[in-house]
Amino acid sequence: QVQVVESGGGLVQAGGSLRLSCAASGSIFSIASMGWYRQAPGNQRELVAVIGGTGETTYADSVKGRFAISRDNAKATLWLQMNSLKPEDTGVYYCNARAAGDNMRYRDYWGQGTQVTVSS
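In this text, all values refer to a predicted model and were calculated from it rather than measured experimentally.

Draft legend 1. Quick peek at the pairing of strand E1 (residues 2–7). The side-chain alternation of E1 yields one buried face, formed by Val2, Val4 and Glu6, and one unburied face, formed by Gln3, Val5 and Ser7. Pairing of E1 with strand E3 (residues 18–26), which is carried by six bridges, proceeds in the antiparallel orientation. Bridge pairing links Ser7 to Ser21 in E3.

In structure tokens:
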């Protein structure tokens, strides 16, 4: 079983910064990719940024140049540095790990989410 836990959300004024953290733990055989998704009230969950095992990254157009995703493979830890935050960045941010556990089959694991609120 793989567990994913996020931390670091909060309330910040527009233009400010926040850093989210995520740690995967448990019986992990391998992690292929890790990423951040967010969901605003009334909206579907959307991709924010994802990073592969060799460091390749993908960002949503809305966050390019403002957010930076990074990962420590050895510690199964993920971060999201969010700068120049806008009110439209408000939402619940979820960490995702595409990982294989003891059965060596890859599947998506999700954290409980952390709230990010950006005031105008």
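There's more to say after this.
Draft legend 2. Representation of the pattern of salt bridges. As enumerated under the stated definition, the model contains five salt bridges in all. For Arg66, the salt bridge identified is with Asp89, shortest N-O distance 2.8 Å. Highlighted residues: Arg66 in the loop between strand E6 (57–59) and strand E7 (67–72) and Asp89 in the loop between strand E8 (77–82) and strand E9 (91–100), separated in sequence by 23 residues. Looking at Arg66, the relative accessible area reads 11%, which means it is buried. Within the structure, one salt-bridge network assembled from shared partners comprises Arg38, Glu46, Arg66 and Asp89.

Draft legend 3. How the structure looks around the side chain of Arg38. Considering the arrangement of structural elements, one finds Arg38 in strand E4 (residues 30–39). What makes Arg38 buried here is its relative accessible area of 6%. Of the polar contacts made by the side chain of Arg38, one reaches the side chain of Glu46; its length is 2.8 Å. At 2.9 Å, the side chain of Arg38 forms a polar contact with the side chain of Tyr93. Each residue touching Arg38, except ones within four places of it in the same chain, is listed here: Gln44, Arg45, Glu46, Val48, Ser62, Val63, Phe67, Glu88, Asp89, Val92 and Tyr93.

Draft legend 4. Structural detail: the sheet that holds E8. Strand order in the open sheet formed by four strands is E1-E3-E8-E7, and the pairing between neighbours is antiparallel. Of all the strands in the sheet, just E1 and E7 have a single pairing partner and so form its edges. Going across the sheet, the axis of each strand differs from the next one's by a mean of 15°, ignoring polarity. As paired strands, E3 and E8 are joined by six bridges and run antiparallel to one another. Note on E8: the bridge partner recorded for Cys22 is Leu78.

The rules behind each value
- Residues numbered from 1 in each chain as written.
- Predicted model: local features only at pLDDT ≥ 70, side-chain atom pairs only at ≥ 80, totals over all residues.
- Heavy atoms only, no water.
- Buried < 20%, exposed > 50% of the residue type's maximum accessible area, 1.4 Å probe, protein only.
- Helix = DSSP H or I, 4+ residues; strand = E, 2+ residues; numbered from the N terminus.
- Pairing = 2+ DSSP bridges.
- Salt bridge = Lys/Arg side-chain N within 4 Å of Asp/Glu carboxyl O.
- Polar contact = N/O pair within 3.5 Å; in protein donor to acceptor, adjacent residues only side chain to side chain.
- Contact = heavy atoms within 4.5 Å.
- Axes fitted to C-alpha atoms, helices over the stretch in contact; angles between N-to-C directions.

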